[in-house]
Structure formats: structure tokens, C-alpha cells
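Letter by letter, the chains look like this.
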Number of protein chains: 2
Amino acid sequence: MNLAKKFTIGLTQYSLSEDIESNLKKAIFFIENAAEKGASVICLPELFNSLYFCQSENIEYFDLAETIPGPTTNKLSELAKKLKIVIVVPLFEKRNLGLYHNSLAVINTKGEIIDIYRKMHIPDDPAYYEKFYFTPGDLGYKVFDTEFGKIGTLICWDQWYPEGARLTALKGASVIFYPTAIGWHPYEKQEHGKAQFESWQTIQRSHAIANGVYVASVNRVGLEKQNPDSAGIEFWGKSFVSDPQGIILSEASHDKEEVLVAEINLDRIEYIRRNWPFMRDRRIDSYQNILKRFDD
Amino acid sequence: MNLAKKFTIGLTQYSLSEDIESNLKKAIFFIENAAEKGASVICLPELFNSLYFCQSENIEYFDLAETIPGPTTNKLSELAKKLKIVIVVPLFEKRNLGLYHNSLAVINTKGEIIDIYRKMHIPDDPAYYEKFYFTPGDLGYKVFDTEFGKIGTLICWDQWYPEGARLTALKGASVIFYPTAIGWHPYEKQEHGKAQFESWQTIQRSHAIANGVYVASVNRVGLEKQNPDSAGIEFWGKSFVSDPQGIILSEASHDKEEVLVAEINLDRIEYIRRNWPFMRDRRIDSYQNILKRFDD
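First, a word on scope: everything that follows refers to the structure included in this document.

Here is what the cut-offs are and how they apply
- Residues numbered from 1 in each chain as written.
- Chains lettered and ligands numbered in written order.
- Predicted model: local features only at pLDDT ≥ 70, side-chain atom pairs only at ≥ 80, totals over all residues.
- Heavy atoms only, no water.
- Axes fitted to C-alpha atoms, helices over the stretch in contact; angles between N-to-C directions.
- Helix = DSSP H or I, 4+ residues; strand = E, 2+ residues; numbered from the N terminus.
- Parallel < 35°, antiparallel > 145°, perpendicular 65-115°, else oblique.
- Left-handed = near helix turned anticlockwise from the far one by under 90°.
- Contact = heavy atoms within 4.5 Å.
- Nonpolar A, V, L, I, M, F, W, Y, C, P; charged D, E, K, R; others polar.
- Core = buried A, V, L, I, M, F, W, Y, C linked by side-chain atoms within 4.5 Å.
- Buried < 20%, exposed > 50% of the residue type's maximum accessible area, 1.4 Å probe, protein only.
- Polar contact = N/O pair within 3.5 Å; in protein donor to acceptor, adjacent residues only side chain to side chain.
- Phe/Tyr/Trp six-rings, centres within 6.5 Å; stacked < 30°, edge-to-face > 60°.
- Lys NZ or Arg CZ within 6 Å of the ring centre and 35° of its normal.

### Some remarks on the packing of helix H1 (residues 20–36) of chain A against helix H2 (residues 71–83) of chain A
In helix packing, the relevant descriptors are the interaxial angle and the interaxial distance, both defined with respect to the helix axes.
Residues and elements named next belong to chain A.
Phase 1: Viewed as axis vectors pointing N to C, H1 and H2 meet at an angle of 20 degrees, and their least axial separation amounts to 12 Å. Classified by the angle between their axes, H1 and H2 sit roughly parallel to one another. The interaxial crossing formed by H1 with H2 has right-handed handedness. From H1, Glu21, Leu24, Ile28, Ile31, Glu32 and Ala35 reach across to H2, where they touch Thr72, Lys75, Leu76, Leu79, Lys82 and Leu83.
Phase 2: Taken together, the residues of the contact of H1 with H2 sort by class into seven nonpolar, one polar and four charged.

What follows is the structure, given as C-alpha cells:
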């Protein structure tokens with residue numbers, strides 16, 4: 001194993017605009033800020049350089065996608081190399097003619113793309129019309145062997161699936177990043193907002209607990225309306241880092257642009273897994289029916 | 001489907017003594033109390049009629065086990081029939097000569113044992129020497145078709161495994177009961193007690209969220225010392241019921257004997273699953289490696 005015993009991760013939480021170029025500049029500003037604070041592995045939010053276009057179904061938005069590698073990953077590769085950091089870059093991937101994914105690339109300290117992950121679980125809810133845009137991922141679950149050890153990644157809706165976290169942890173991830181774009185329907189926020197947010201945070205803390213890994217969730221902030229008449233989505237921020245016992249180490253606000261940093265400590269993972277050795281007792285002889293849609 | 005749209009569950013939280021007979025009387029007292037409060041499906045704590053004997057390894061404790069059916073389930077069958085309720089009865093099962101399980105029986109309103117569940121995930125930690133006593137379950141995951149619809153059951157250490165909850169939910173459970181015996185090592189409580197309890201509650205709430213089911217966890221209370229020199233275990237109580245969104249509907253104290261009741265509402269499950277349709281988007285084509293011990 002080639003592992004740093006400790007390293008620092010950075011999470012960038014910010015708001016987006018229609019201007020792709022200024023969104024990229026903002027991302028770079030926050031990456032530099034996180035690196036100054038000591039972060040070696042920095043994660044951007046889901047679809048990091050555009051508004052959350054999935055609020056409606058419109059074929060023109062496919063123009064926002066680009067290839068990996070492509071102009072955007074090239075720029076961030078230069079930055080990673082300059083700052084000697086790892087960057088998790090979630091973006092709208094154009095894979096081929098008319099074939100698109102919600103993906104991320106992980107760039108190492110040499111500026112090389114180690115590999116990509118393509119979102120496996122695709123939602124489709126009012127104002128989250130992702131099944132229109134994103135072909136389900138076909139690369140399975142991923143860990144990336146960085147200079148700081150193996151990091152895992154999943155994307156947003158994946159966060160509701162214990163299977164995704166388990167499969168990523170089984171590959172040896174010390175931390176699972178969840179770049180995310182989730183928020184409230186403004187008309188629901190008063191009645192359901194608190195419960196929705198708490199469900200979201202609870203299930204991600206549970207992935208940390210079940211697997212004895214760190215979890216880092218990176219969300220955007222701000223109200224995004226596609227047109228003046230729409231209610232829009234109020235992205236709820238609250239990027240956070242959970243330790244392997246489910247303890248929240250660092251947590252952002254609901255509405256401010258912020259950088260979070262937190263330490264990943266492999267000794268802590270070892271300690272938690274020794275004390276609560278859940279991996280030891282898994283009944284892998286009995287899980288076959290997880291491969292069923294429903295067991296009726 | 002033969003389902004009551006709504007029914008009330010009861011959870012009995014109490015302390016145990018060395019006197020098996022008085023423990024049974026106490027259980028009956030709390031069952032009657034829960035039934036008076038309107039509960040139709042009532043769950044006792046893990047190993048409901050004895051001290052938590054697994055604090056040490058001693059072959060004499062195998063004498064505490066009995067067959068299912070046996071004298072204890074016979075008595076509780078009479079009670080179930082009299083009160084027209086379903087009872088979840090977790091007890092130490094003697095299956096055959098020298099072969100024991102940590103099991104539960106579910107008794108219906110006619111006083112019949114519908115079926116049994118045998119704990120699948122067996123812990124082994126200081127003062128929780130369960131691998132010495134309990135053969136791992138070989139019946140897989142279970143739902144019980146009661147007069148109030150399908151209820152699922154798991155036992156204690158199972159609660160740390162998202163797989164167990166998923167497999168039980170896939171069988172159509174509206175509620176998953178977790179009879180439990182968990183507590184603090186008194187010498188650890190000050191430093192780690194809060195985080196341990198919160199991990200325990202968080203992961204069970206997450207099973208409710210991931211699966212859109214109710215979760216009812218039933219723990220014991222009290223300090224149990226096997227001998228005056230041992231630190232013992234301070235069972236942390238806090239039996240609770242989570243709704244399908246992870247909202248806590250009802251929660252007991254850390255140290256008092258109590259009965260909790262809560263309503264199971266199938267319309268609420270339907271509503272939550274429509275709004276957050278996690279079942280719809282499971283990537284069952286991609287979960288094969290969950291059957292591996294580790295994916296290295």
C-alpha cells in the first residue's frame with residue numbers, strides 16, 4: 001500500500017451563474033483558497049461550471065457538455081500540477097455524438113487524469129429531470145489511486161444508495177466524495193425543508209458509519225431560476241465532512257460561499273474498524289437478493 | 001395484498017434480572033400496557049427474558065436457551081390470542097443438542113407462531129461474546145405476514161448492515177423491528193458515549209430513509225454486572241421509532257422502563273416513496289461485488 005497516513009481535503013461550496021467562464025474562475029479561486037489552507041485533495045460541486053440546467057428538458061443544454069479530457073479538464077490539470085494537488089472535477093461529459101453522462105474526472109498532482117466516474121443512479125423528479133440528459137454510468141464504482149491514497153467518488157443521487165457507498169468502500173477508499181446539487185423547492189421548504197435536509201445528511205453519515213470511511217459531501221448554494229416565472233431551486237449548501245464514526249468534522253452554512261477543510265487520518269479508520277468491526281461480520285453468503293429489483 | 005392501512009406498534013423497554021420468571025412477568029405487564037395504549041404489534045427487546053449473559057463465555061449459560069415452540073412462546077401465544085395482538089418474541093433458541101441461535105418468533109393474533117428469524121450478523125467484542133453462544137442464522141431475511149400486513153425483523157448487530165435492512169425491505173416489510181441489547185462500557189461512556197449512541201441511531205434512521213420503511217428499535221435499560229468486580233454494561237435504552245423519511249416519531253429515555261407506541265401508516269410509505277423514488281432507480285445490474293468480502 002502506498003498511503004499517506006494523513007492528508008487534508010478541501011470542499012468548495014459556491015453559487016453558479018450563466019457565465020461558464022466566470023464559474024470556472026470562481027472554482028479556481030476556491031481551489032487556490034483550499035490549497036492555501038492546506039488541502040491536498042479538493043472537490044468541486046456536481047456540474048461545477050454551470051447552472052443546474054436539469055430544471056427543464058431542453059436539447060440546447062446539451063451544448064454545455066464537453067469531452068474528458070477537454071478544455072476544462074486541461075485548465076484544471078495545469079492548476080493541479082502547479083499546486084501539486086488532486087482535484088475532483090464533476091462535469092457534464094460529452095462521450096460521443098448525442099451520448100452524455102453526469103461524470104467526474106480525478107486529476108492527480110502531475111496534472112494527469114487518473115480516471116473518470118460516471119454517475120450510476122440517475123434521478124427524475126420535478127425540476128430534476130436528469131434522466132433526460134444523463135445516460136446511466138457504465139463504469140461501475142471507482143476508487144482513484146492518488147498520491148494521497150485511494151479516494152472514492154459518487155455523485156448526488158448515488159448518495160441515497162447504501163450499495164454505492166459499500167461498493168466504493170470495498171475497493172479501499174479512505175474517503176468518499178459526493179459532489180452534489182440538491183436544494184429545496186421554495187414552496188416546500190417551510191413544511192418539508194428541515195426533514196429533507198436531515199434525511200440527506202443522515203444517510204450520508206450512515207455510509208461513513210457502515211463502512212468506516214470518511215464522507216465528504218460538496219453542494220452548491222444559491223437560488224437558481226431558469227425563468228422569472230419558475231419557483232426555481234434553492235440549493236441548500238451545508239457541504240460537510242463526516243468521520244468514520246459519523247461525527248461531523250466540518251460543516252458549511254446553508255447559503256454562503258465557503259471552503260471547508262478537514263483531515264483524513266488513516267489511523268482513525270483503523271481505530272474505528274477495530275472497535276466496530278462491521279466489515280468482519282458481513283454475511284456475504286446471504287446478500288444475493290440485493291441483485292433483485294424487489295423480492296416479492 | 002391483505003393490508004391494514006394503519007396500525008399501531010408497541011415497543012417495550014425495561015430492565016432485566018436473574019429471575020427468568022419475573023422477567024417474563026415484566027414482559028407480559030408491558031405487553032398488556034402497550035395493548036391498552038392501542039398497540040396491535042408489540043416487540044420485546046433482544047433476549048427478552050434474561051440478563052445479557054454474553055458478557056462472558058460460560059457453557060452453563062446455554063441452559064438459558066429453550067426451543068421454539070417451547071414453554072415461553074406457549075405462554076406468549078396465549079397472551080397474543082387473548083389480546084388479539086401480534087408479538088415479536090426475541091429469545092435464546094435451543095435448536096438441537098449443542099446448537100443455539102439468537103432468534104425471534106413472531107406470534108399472530110390466533111396465538112400461532114408464524115415463523116422465526118435467526119440473527120444473521122453475530123458480533124464479538126469485549127463483553128459481547130456472541131460468537132461463542134450463537135450459531136449464525138441460516139434462514140436468511142424474513143418478513144412475517146401478519147393480520148396487520150408484512151412486518152420485518154432483524155436483531156441488534158444486524159442494524160449496522162445496510163444489506164440486512166435492504167433485503168428485508170425488498171420482501172415488502174412496512175416496518176422493520178430491531179430488538180436490541182446495546183449499551184456503554186461504563187469506562188468509555190464519558191469520552192465516547194454520545195458518539196456511539198448517535199452512530200447507532202443514525203444508521204437505523206438511514207435504513208428507514210434508504211428503504212422508505214418505518215424502523216422500530218427496542219433496547220433494554222439498566223446496568224448489568226455479571227460479578228461485582230466487572231464494569232458491566234450500562235444498556236442505553238432510547239428505543240425509538242423512525243418514520244420512512246428518517247423522522248423520529250417516538251423515543252424513550254436512556255434509563256427508564258417505558259412503553260412506546262407509534263402509528264404505521266401505509267399511505268405515508270406510499271407518499272415518501274413517490275416523492276423520493278429510490279427503489280425505482282436501484283442499479284441492480286451493478287451490485288454484484290456486494291457479494292465479495294472486499295474488492296481489492
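### What to know about the nonpolar core
Phase 1: With 148 residues, the main nonpolar core has Ile9(A), Ile151(A), Trp160(A), Ile9(B), Ile151(B) and Trp160(B) as its most contacted residues.
Phase 2: In contact with Ile9(A), other than residues within four places in its own chain, are Ala39(A), Val41(A), Val175(A), Phe177(A), Ala216(A), Val241(A), Leu260(A), Val261(A), Ala262(A) and Ile264(A).

### Quick notes on the environment of Gln13(A)
Residue and element names in this part refer to chain A.
Phase 1: Within the fold, Gln13 resides in strand E1 (residues 6–13).
Phase 2: By relative accessible area, which is 1% here, Gln13 ends up buried.
Phase 3: Separated by 241 residues in the primary sequence, Gln13 and His254 have C-alpha atoms spaced 9.8 Å apart.
Phase 4: Apart from the residues lying within four places of it in its own chain, the contact partners of Gln13 are Asn219, Val221, Gly237, Lys238, Ser239, Ala252, Ser253, Lys256, Glu257 and Glu258.
Phase 5: Here the side chain of Gln13 touches Lys238 through a polar contact of 3.1 Å, landing on its backbone nitrogen.

### Digging into the packing of aromatic side chains
Phase 1: Under the defined criterion, the tally for this structure stands at 56 aromatic pairs over all chains.
Phase 2: Aromatic pair Phe53(B) and Tyr133(B): ring centres 5.0 Å apart, planes at 85 degrees, arrangement edge-to-face. You can see Phe53(B) sitting in the loop between strand E2 (41–43) and helix H2 (71–83) and its partner Tyr133(B) sitting in helix H3 (residues 130–133), a full 80 residues away along the chain. Tyr133(B) shares its class with Phe53(B); the two are buried.
Phase 3: Taking the centre distance of 6.5 Å and the plane angle of 85 degrees together, the rings of Phe92(B) and Tyr133(B) count as edge-to-face. Taken together, the residues Phe92(B) in strand E3 (residues 86–96) and Tyr133(B) in helix H3 connect sequence positions 41 residues apart.
Phase 4: Look at Phe92(B) and you get buried, because its relative accessible area is 4%.
Phase 5: The class of Tyr133(B) is buried, set by a relative accessible area of 2%.
Phase 6: An aromatic cluster of at least three residues, connected via ring pairs, comprises Phe53(A), Tyr61(A), Phe62(A), Phe92(A), Tyr100(A), Phe132(A), Tyr133(A) and Phe134(A).
Phase 7: We note Arg220(A) situated over the ring of Phe235(A); from NZ or CZ to the ring centre the distance is 5.4 Å.

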